[in-house]
Amino acid sequence: MLFWLNYNNSNRYRYISGDDTFIGFDSSEICPRCGRNIVTPKFREAIPLFESDGGKIYPDYIQFCGAGKYPFIVSEKALSIFEENNVSGYNGATLVRVEPSGISSDGSQIRYFQLNIYGHIELDFKAMFLKKKNYCEVCGQYEWNRQRFYPRFIDESTWDGSDFAVATSVHWRLCSEKVNNIIQNHKLTGFVLTEARIRE
């Protein structure tokens with residue numbers, strides 16, 4: 001069983017925006033096959049610095065609302081619990097700065113880490129009546145036959161078995177039942193999970 005990682009609309013929690021290492025999008029490269037612009041986000045070399053806004057509570061999963069690459073950022077507490085439980089699907093954890101920073105109950109600064117998610121799965125295109133049009137084998141760009149992506153279905157046969165995974169075509173994130181249980185048992189905050197639907 002897999003679960004979608006959704007946005008938390010509560011105003012209790014902080015969220016982050018404004019990665020100051022993000023320079024902008026470079027669209028100068030042109031695909032020689034299809035003629036489309038190849039858009040690439042550009043970052044300067046530095047520890048990412050995110051501005052935090054919103055509520056008073058600094059959650060274990062802090063959500064990003066801003067331009068650039070969509071990062072997956074968790075607290076040091078959450079990262080330690082994932083490591084202790086051998087959670088799979090990510091292969092790196094990079095320290096990021098969040099300002100203003102939060103203070104934990106013991107008076108120490110709450111540290112956050114960006115996880116590099118490599119686990120993958122794909123949507124069930126047939127169940128969602130989705131098709132890719134005008135696919136380019138060189139740059140990988142394509143168009144969808146429709147703009148409506150709901151209800152969402154996943155193709156479980158494409159799942160690589162990782163505890164964290166990304167739906168490749170849309171970059172939406174999911175987690176396994178194991179991760180869901182860890183979040184509940186350890187009362188990790190900021191996570192909003194809904195069960196991913198599979199075609200009957």
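This structure is a prediction, so every number in the text was calculated from the model and none was measured.

A. Representation of the state of the cysteines. Scanning the model with the defined rule gives zero disulfides in all. Here C136 is not cross-linked by a disulfide; its sulfur's nearest cysteine counterpart is in C31, at 3.6 Å.

B. Quick peek at the environment of S27. Relative to the helices and strands, S27 is located in strand 3 (residues 22–30). Note: C-alpha distance between S27 and V179 (152 residues apart in sequence) is 37 Å. Setting aside its immediate chain neighbours within four residues, S27 contacts N37, I38 and V39.

C. Spotlight on the side chain of S75. Here S75 shows up in strand 7 (residues 72–75). At a separation of 2.7 Å, a polar atom in the side chain of S75 contacts the side chain of D60. Not counting residues up to four positions away in its chain, the partners in contact with S75 are P59, D60, I110, R111 and Y112.

D. Unusual backbone geometry, seen in detail. A cis amide bond links E99 with the next residue in sequence, P100, at an omega value of -5 degrees. On the secondary structure map, P100 appears in the loop between strand 8 (90–99) and strand 9 (112–117). The phi dihedral of N86 is positive, around 55 degrees, even though this residue is not glycine. Despite not being glycine, K187 has its phi angle at roughly 55 degrees, a positive value. Here K187 lies in the loop between helix 2 (177–185) and strand 16 (192–195). Take K187: its relative accessible area is 65%, and that puts it in the exposed class.

E. Structural detail: the pairing of strand 10 (residues 120–123). Two strands pair when backbone bridges link them, and strand 10 and strand 14 (residues 164–167) are joined in this way by two bridges, in the parallel orientation. In the strand pairing of strand 14, I121 is matched with A167. Relative to strand 13 (residues 153–155), strand 10 runs antiparallel, the two being bridged by two bridges. Looking across to strand 13, one finds that E122 is bridged to D155.

F. How the structure looks around the sheet that holds strand 1 (residues 2–6). Read across the open sheet, the seven strands follow the order 16-1-15-14-10-13-17; overall the sheet is mixed. Two strands close off the open sheet at either side, each with one partner strand: strand 16 and strand 17 (197–198). Together, strand 1, strand 14, strand 15 (172–176) and strand 16 form the strand contacts of helix 2, whose direction differs from that of strand 15 by roughly 80 degrees.

G. A look at the pattern of salt bridges. As enumerated under the stated definition, the model contains five salt bridges in all. For R44, the salt bridge identified is with D20, shortest N-O distance 3.1 Å. With R44 in the loop between strand 4 (37–43) and strand 5 (49–54) and D20 in the loop between strand 2 (14–17) and strand 3, this pair connects stretches of sequence that are 24 residues apart. According to the relative accessible area criterion, R44 is partly exposed, its value standing at 39%. Here E143 ties to R36 by a salt bridge, and the two come within 3.6 Å at their closest N and O atoms. Highlighted residues: E143 in strand 12 (residues 143–144) and R36 in the loop between strand 3 and strand 4, separated in sequence by 107 residues. Under the relative-accessibility criterion, R36 is labelled buried at 19%.

H. Structural view of the sheet that holds strand 9. Here six strands make up an open sheet; going across it, the order is 2-5-8-9-7-6 and the pairing mixed. Each edge of the open sheet carries a strand with a single partner, namely strand 2 and strand 6 (61–62). Relative to strand 5, strand 2 runs antiparallel, the two being bridged by four bridges. When the sheet's bridge partners are listed, R14 is paired in strand 5 with G54. Sheet strands in contact with helix 1 (residues 76–84) are strand 7, strand 8 and strand 9, and its direction is about 95 degrees off that of strand 7.

Rules behind the numbers
Residues numbered from 1 in each chain as written. Predicted model: local features only at pLDDT ≥ 70, side-chain atom pairs only at ≥ 80, totals over all residues. Heavy atoms only, no water. Disulfide = S-S within 2.5 Å. Helix = DSSP H or I, 4+ residues; strand = E, 2+ residues; numbered from the N terminus. Contact = heavy atoms within 4.5 Å. Polar contact = N/O pair within 3.5 Å; in protein donor to acceptor, adjacent residues only side chain to side chain. Buried < 20%, exposed > 50% of the residue type's maximum accessible area, 1.4 Å probe, protein only. Pairing = 2+ DSSP bridges. Axes fitted to C-alpha atoms, helices over the stretch in contact; angles between N-to-C directions. Salt bridge = Lys/Arg side-chain N within 4 Å of Asp/Glu carboxyl O.

Structural measurements only, silent on function.
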